[in-house]
Amino acid sequence: MSKLLLLILAVLAVWWLAKGFRRKDAARDAPEAAAEKMVTCGHCGLYLPQSEAIGEGDRFFCCAEHRRLAG
Ligand SMILES: [Zn+2]
């Protein structure tokens with residue numbers, strides 16, 4: 001009887017460990033969106049993702065107005 005109990009505990013321990021490892025993998029894969037390159041506006045210095053910025057040469061701006069003001 002105690003052998004069966006030990007087996008159940010072993011199975012539970014393996015299942016718990018596997019679940020823990022899977023959760024760690026998910027956490028490692030999650031911050032994909034945060035890995036996007038961030039740039040600063042050349043006029044006001046706002047920090048924004050490159051995909052939302054307006055690029056001009058090697059400079060970036062948060063909006064068309066700031067690109068115009070920066071000349
Ligand atoms: Zn700006």
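Here's a quick rundown of the structure. As a convention, each chain's residues are numbered from 1 in the sequence order in which they are written. For a predicted model such as this one, the threshold for reporting local features is a pLDDT of at least 70, and the threshold for listing and counting side-chain atom pairs is 80 or more; totals across whole chains, interfaces and linings nevertheless cover every residue.

### Quick notes on the overall build of the chain
Selection criterion: Under the scheme used here, helices are H or I runs from DSSP no shorter than 4 residues and strands are E runs no shorter than 2 residues, and both carry numbers assigned from the N terminus. To assign burial, the other C-beta atoms lying within 10 Å of each residue's own C-beta are counted, with C-beta atoms placed from the backbone; 20 or more indicates buried, 12 or fewer indicates exposed, and intermediate counts indicate partly exposed. We call two residues in contact if the C-beta atoms placed from their backbones are at most 7 Å apart.
Within the chain, the regular secondary structure consists of two helices and four strands. For the chain, the sequential pattern of α-helices and β-strands runs α-β-β-β-β-α. Put simply, the chain has 71 residues, and 8% of those count as buried. Across the chain, contacts joining residues at least 24 apart in sequence account for 9% of those joining residues at least 6 apart.

### Here's the deal with the nonpolar core
Using the following cut-off: Throughout this description, the term nonpolar core refers to a group of buried Ala, Val, Leu, Ile, Met, Phe, Trp, Tyr and Cys residues whose C-beta atoms join them within 7 Å.
Val 39, Ala 53, Phe 60, Phe 61 and Cys 62 form the largest nonpolar core, which has five residues in total. When near neighbours in sequence (up to four residues on either side) are disregarded, Val 39 contacts Leu 48, Gln 50, Ala 53 and Phe 60.

### Considering the environment of Glu 56
Inspection of the secondary structure assignment puts Glu 56 in strand β3 (residues 54-56). Judged by the 12 C-beta atoms lying within 10 Å of it, Glu 56 falls in the exposed class. Sequence separation between Glu 56 and Arg 67 is 11 residues, and the spatial gap between their C-alpha atoms is 8.0 Å. In contact with Glu 56, not counting residues within four places along its chain, are Phe 61 and Arg 67.

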